[in-house]
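# Residue-level structure breakdown
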Amino acid sequence: MRLPRLTAAMLLVAVMTATGCKNHVVYREKGYDQYRAADYAAAADNFREAVKLKPGDFRSQYYLAASLLKQDQAIAAQIPLERALTLRGGDPEWRPRIADLLAESYYQQERFDTLYAFLDDQIRTYSQQTPDFLRKAKYLDLLGDADGQKIALQKAAYFAPADDATPYLAIADFYLTVNDVPNAIQALRFGYYVDAENEDVKDGLRGLGVVPGPTIADAPPKPEILD
């Protein structure tokens, strides 16, 4: 879980704490420190206070939910995540992160129909983006739908940016789980073609006995229609 670096907000916290004044930023920064220290109960308390003072603080909503999920409180995590998604649904950085945790909340609650609907809604609403297909593939795997998982991974690769090897790494992992080494190597060759500098791709190839180099790069296919 990524946390913000030292910012001017932290300096503000120091000043406000020294003067005895607390606003949502003070509670949020304390929550960050406790989250880093794996004191999730205390972190949740501070993020909760931040949210009370400023309900529109999507970061506190997000980390409140993250702290609750760390304590196996999936039901309690759902509401702040839904609020955070409403606040930041159009943000290309935060929206996938919030959606990841919200999907996990539904999964831990065993609300599988809601989870399926949510996964598909994210794909439709946000124009078939790779992170949304990868999220769907993850939960189809957990729910035992290998065929659906494979299709979601193929679509993740199909809609990926030209230099994004992430879906090919996921496809390679899929094939390795079913002991299909040749197809795992092929997926990594596709990944090497789109991003020859990706260390995970190179390590994956080496682990399967293939030396990375220009001759093993293979352009991934782009079918006209992907059902």
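I will try to describe carefully the structure that is included in this document. (Residues numbered from 1 in each chain as written. Predicted model: local features only at pLDDT ≥ 70, side-chain atom pairs only at ≥ 80, totals over all residues. Heavy atoms only, no water.)

### Observations concerning the packing of helix α10 (residues 166-177) against helix α11 (residues 181-194)
Their axes nearest at 8 Å, the elements α10 and α11 cross at an angle of 170°. With respect to their mutual orientation, α10 and α11 come out roughly antiparallel. Residue-level inspection shows Tyr168, Leu169, Ile171, Ala172, Tyr175 and Leu176 of α10 in contact with α11, the latter providing Val181, Asn183, Ala184, Ala187, Leu188, Phe190, Gly191 and Val194. (Axes fitted to C-alpha atoms, helices over the stretch in contact; angles between N-to-C directions. Helix = DSSP H or I, 4+ residues; strand = E, 2+ residues; numbered from the N terminus. Parallel < 35°, antiparallel > 145°, perpendicular 65-115°, else oblique. Contact = heavy atoms within 4.5 Å.)

### A few points about the layout of surface pockets
By volume, the second largest pocket is sized at about 250 Å³. Asp100, Pro131, Leu134, Arg135 and Lys138 are the residues nearest the centre of the second largest pocket, which is lined by 13 residues in total. Looking at the lining of the second largest pocket, the elements that each hand over two or more residues are α6 (94-108), α8 (130-142) and α9 (146-158). Residues belonging to the lining of the second largest pocket are distributed by class as follows: seven nonpolar, one polar and five charged. (1 Å grid on protein atoms, 1.4 Å probe; cavity = no way out; pocket = protein on both sides within 12 Å on 5 of 7 lines; lining within 4 Å. Points joined across faces, edges and corners; volume = space filled by probe spheres on them. Nonpolar A, V, L, I, M, F, W, Y, C, P; charged D, E, K, R; others polar.)

### Some points on the nonpolar core
In this structure, Tyr62, Tyr63, Leu81, Ile98 and Phe118 are the most contacted members of the largest nonpolar core, which totals 30 residues. Elements that contribute at least two residues to this core include exactly α2 (24-36), α3 (40-53), α4 (58-70), α5 (74-88), α6 and α7 (112-125). Ranked by residue count, the leading element in this core is α4, at eight residues. Setting aside anything within four residues of it in sequence, one finds Leu81 in contact with Tyr62, Ala65, Leu69, Ile98, Leu101, Leu102 and Ser105. Formed by 23 residues, the second largest nonpolar core is a distinct cluster that contains Ala137, Ala172, Tyr175 and Phe190. (Core = buried A, V, L, I, M, F, W, Y, C linked by side-chain atoms within 4.5 Å. Buried < 20%, exposed > 50% of the residue type's maximum accessible area, 1.4 Å probe, protein only.)

### Regarding the environment of Val201
Considering the arrangement of structural elements, one finds Val201 in helix α12 (residues 199-207). A C-alpha to C-alpha distance of 9.9 Å links Val201 and Ile185, two positions 16 residues apart in sequence.

### Here we look at the pattern of salt bridges
Within the structure shown, the criterion is met by twelve salt bridges. Among the ionic pairs, Arg48 bridges to Asp45, the shortest N-O distance being 3.1 Å. Placement of the pair is Arg48 and Asp45 together in helix α3, with a separation of three residues, close to one helical turn. For Arg48, a relative accessible area of 31% corresponds to the partly exposed category. Exposure remark for Asp45: the relative accessible area of 44% places this residue in the partly exposed category. Among the salt bridges present, the one from Glu49 reaches Lys52, with a minimum N-O distance of 3.4 Å. Of this pair, Glu49 and Lys52 are both found in helix α3, three residues apart, which corresponds to roughly one turn of the helix. With a relative accessible area of 29%, Glu49 lands in the partly exposed category. In this structure Lys52 comes out as exposed when scored by relative accessible area, which is 59%. (Salt bridge = Lys/Arg side-chain N within 4 Å of Asp/Glu carboxyl O.)

### A look at α10
Across its twelve residues, α10 extends 17 Å between first and last C-alpha, which sits within 8% of the 16 Å expected from 1.5 Å per residue. Taken together, the buried positions of α10 are Pro167, Tyr168, Leu169, Ile171, Ala172, Phe174 and Tyr175. In this structure, the buried side of α10 is in contact with α8, α9, α11 and α12. Of the residues one or two after α10, Asn179 is the one with positive phi, at around 60°. (Expected span 1.5 Å × (residues − 1).)

### Things to note about α4
Its 13 residues give α4 an end-to-end C-alpha distance of 18 Å, which sits within 8% of 18 Å, the value for a rise of 1.5 Å per residue. Burial runs high along α4: eleven of the 13 residues are buried. Listing the buried residues of α4 in full gives Phe58, Ser60, Gln61, Tyr62, Tyr63, Leu64, Ala65, Ala66, Ser67, Leu68 and Leu69. The inward-facing, buried residues of α4 abut α2, α3, α5 and α6. Looking one or two residues past α4, Asp72 carries a phi angle of roughly 60°, positive in sign.

### Let's talk about the side chain of Gln78
Within the secondary structure, Gln78 sits in helix α5. Other than its neighbours up to four places away in sequence, Gln78 contacts Leu102, Ser105, Tyr106, Gln109 and Arg111.

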